[in-house]
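Spelled out, the chains give:
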Amino acid sequence: MSLNHRLSVAPMLDWTDRHCRYFHRLISPNIVLYTEMLTTGALLNSERTDLLAYDQSEHPLVIQLGGSNPEELAVCAKMAEDAGFDEININIGCPSDRVQSGRFGACLMREPELVAECVKKMQQAVSIPITLKTRIGVDDEADYDFFKRFVTINRDAGCETFIVHARKALLKGLSPKQNRTIPPLLYHFPEQLKADFPDLTVVVNGGIDTVQKAQNHLQYADGVMIGRAFWNAPWLIRDMHNALGFQPQQTNHDDILYAYQDYCARMLTQGANLHWLIRPILGLFHGFPGSKKWKSYLVTEAPKRKNDIRVLSEARTLINYVSENRS
Ligand SMILES: Cc1cc2nc3c(=O)[nH]c(=O)nc-3n(C[C@H](O)[C@H](O)[C@H](O)COP(=O)(O)O)c2cc1C
């Protein structure tokens, strides 16, 4: 069964690791979470046994795969299904050189038939849905017909959900970071797509950083996916959760912080590093007096006191905010 894609956190390499996802799940029980992109090469060849590890609370959880070999993707899809992921997304949006040389990511927008073969092979291997996260085009191939052809071929292959980062990717000359800011956002592409294919689930991504913008996109789209804005100010997840029709949540910043602190204490006993664990919460008090001091205390102290969970409550004293009494 397909997930409710109304609100999701974008897959972000080095950011949306399992700790980050655990933290986001504390803020919203419903938002769809994505793993960072995992390449088929890493999954099939790595010695690491923790690549598919996650906490059960992270559901609904989508794994994002990077690759273009249909057989390999099918094997990885089966591994993901066996590991309990709810859905599998293929990355057709990443523009980095490394990804292009591996012939996956955004350059695959030029090879819709190959992507469709991947989708079909994966669907034969598993019963969970296969979805695509795309750009609207690449380089000079960025008119609506190019985009629509890509979607049509993959829809015919059985893909029912398209997450559209609404800017094209420039494959030469721009870094991945520049490729997330320089090409303009053209939201009329996903809007037209939804009008042309009302039966598809169309999720809009790119530049959505306020509740109002999310609500505007939900006038035509089935969902919004948000990346950097949630990383910078994770409480926006709660604001959107409460505004976009989910069961309103009552827990406050401190409830979330203390629950995450318990999680960190548990993770430290399993060998995790405090320095890494604090990254997702740096923006938790975004907008409150003391937020900068909180951040700088955490980033200075955590690397020095790798196992000392008290760093979090010490940092908390620097925030000038008293939780509301909700009883
Ligand atoms: C640090 C970082 C890492 C990213 N890694 C991935 C990734 O692994 N897979 C992917 O499809 N997109 C990745 N993206 C792109 C985001 O998923 C998203 O499409 C993009 O940031 C636009 O959404 P936003 O404006 O809401 O941030 C990454 C973005 C950032 C900032």
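This is a predicted model, so every value here is computed, not measured.

Caption draft 1: Examining the overall build of the protein more closely. Of regular secondary structure, the protein possesses 14 helices and 8 strands. Against the compact-globule benchmark of 20 Å for 327 residues, the protein has a radius of gyration of 20 Å, which places it among compact chains. By its C-alpha atoms, the protein is 55 × 45 × 40 Å across when sized along the principal axes. Out of the 327 residues belonging to the protein, those deemed buried represent 55%. Sequence separation of 24 or more characterises 71% of the internal contacts of the protein that already satisfy a separation of 6 or more. Carbon and sulfur atoms form 50% of the exposed surface of the protein, whose accessible area is close to 14,300 Å². Here the protein contributes 36 positive and 37 negative side-chain charges, whose respective centroids are spaced 6 Å apart.

Caption draft 2: Local environment of the site of the ligand. Around the ligand, the surrounding shell holds 17 residues, and the nearest of these are Leu13, Gln64, Asn205, Gly207 and Arg228. Contact distances for the ligand include 2.8 Å between a nitrogen atom and a backbone N or O atom of Leu13. Between Arg228 and the ligand, the recorded distance is 2.7 Å, taken from a side-chain N or O atom to an oxygen atom. The fraction of the free accessible surface of the ligand (610 Å²) that becomes covered by protein chains is 92%. Tallied by class, residues from the shell around the ligand come to 7 nonpolar, 7 polar and 3 charged.

Caption draft 3: Up close: the UniProt feature "binding site: FMN" (unreviewed entry) in the protein. Under the present numbering, the feature "binding site: FMN" (unreviewed entry) in UniProt falls on Pro11, Met12, Leu13, Gln64, Lys133, His165, Asn205, Gly206, Gly207, Gly227 and Arg228. Looking at the element boundaries, Asn205 is found in strand E7 (residues 201-205). Classification of Asn205 by relative accessible area gives buried; the value is 7%. Once residues lying within four places of it in the same chain are set aside, the contact partners of Asn205 are Ala10, Lys133, Ile163, Val164, His165, Ala166, Leu185, Met225 and Ile226. Structurally, Arg228 can be placed in helix H9 (residues 228-232). Here Arg228 falls in the partly exposed class, since its relative accessible area comes to 30%.

Caption draft 4: Expanded view of the pattern of salt bridges. Across all of its chains, the model carries 19 salt bridges by this definition. Between Lys121 and Glu71 there is a salt bridge, and its shortest N-O distance comes to 3.8 Å. Of this pair, Lys121 sits in helix H5 (residues 112-125) while Glu71 sits in helix H3 (residues 70-82); the two residues are 50 residues apart in sequence, bridging distant segments of the chain. A salt bridge links Glu113 to Arg149, with the shortest nitrogen-to-oxygen separation between them at 2.8 Å. Taken as a pair, Glu113 in helix H5 and Arg149 in helix H6 (residues 144-156) lie far apart in primary sequence, 36 residues in all. Classification of Glu113 as partly exposed rests on a relative accessible area of 45%. Counted as one network, the salt bridges with shared partners bring together Glu301, Lys304, Arg305, Asp308, Arg310 and Glu314.

Caption draft 5: Structural view of the pairing of strand E2 (residues 33-39). Burial analysis of E2 places 7 of its 7 residues in the buried class, which makes it a mostly covered element. Summarising the sheet, E2 and strand E3 (residues 61-66) pair through 5 bridges and their orientation is parallel. What sits directly across from Leu38, in E3, is Leu65. For the handedness criterion, the β-α-β arrangement of E2, helix H2 (residues 40-45) and E3 is classed as right-handed.

Caption draft 6: Region of the structure containing the state of the cysteines. Under the counting rule described, the total for this entry stands at 0 disulfides. We note that Cys76 lacks a disulfide partner, and the nearest cysteine sulfur, in Cys118, lies 11 Å from it. The exposure class assigned to Cys76 is buried, which follows from its relative accessible area of 0%. Considering cysteine sulfurs only, Cys20 is the nearest to Cys264, which forms no disulfide, with 12 Å between them.

Caption draft 7: Here's a closer look at the sheet that holds E2. In spatial order, the strands read E1-E8-E7-E6-E5-E4-E3-E2; together these 8 strands make up an open sheet with parallel pairing. The sheet is open, and its two borders are formed by strand E1 (7-9) and E2, each paired with just one other strand. Adjacent strand axes in the sheet meet at a mean angle of 25°, parallel and antiparallel pairs treated alike. Of the pairings in the sheet, the one linking E1 to strand E8 (residues 223-226) comprises 3 bridges and is parallel in character. Within E8, the position partnered with Leu7 by the bridge is Val224. H3 rests against E3 and strand E4 (87-92) of the sheet, and its axis sits at about 160° to E3.

What counts and how
- Residues numbered from 1 in each chain as written.
- Predicted model: local features only at pLDDT ≥ 70, side-chain atom pairs only at ≥ 80, totals over all residues.
- Heavy atoms only, no water.
- Helix = DSSP H or I, 4+ residues; strand = E, 2+ residues; numbered from the N terminus.
- Rg over C-alpha atoms; globule rule 2.2 N^0.38 Å.
- Buried < 20%, exposed > 50% of the residue type's maximum accessible area, 1.4 Å probe, protein only.
- Contact = heavy atoms within 4.5 Å.
- Areas by Shrake-Rupley, 256 points an atom, 1.4 Å probe, with all protein chains shown as cover.
- Lys, Arg positive; Asp, Glu negative; His and termini not counted.
- Charge placed at Lys NZ, Arg CZ, Asp CG, Glu CD.
- Near = heavy atom within 4 Å.
- Polar contact = N/O pair within 3.5 Å; in protein donor to acceptor, adjacent residues only side chain to side chain.
- Nonpolar A, V, L, I, M, F, W, Y, C, P; charged D, E, K, R; others polar.
- UniProt positions renumbered as here; feature names shortened; annotations may be inferred.
- Salt bridge = Lys/Arg side-chain N within 4 Å of Asp/Glu carboxyl O.
- Pairing = 2+ DSSP bridges.
- Right-handed = clockwise from strand over helix to strand, strands pointing away.
- Disulfide = S-S within 2.5 Å.
- Axes fitted to C-alpha atoms, helices over the stretch in contact; angles between N-to-C directions.

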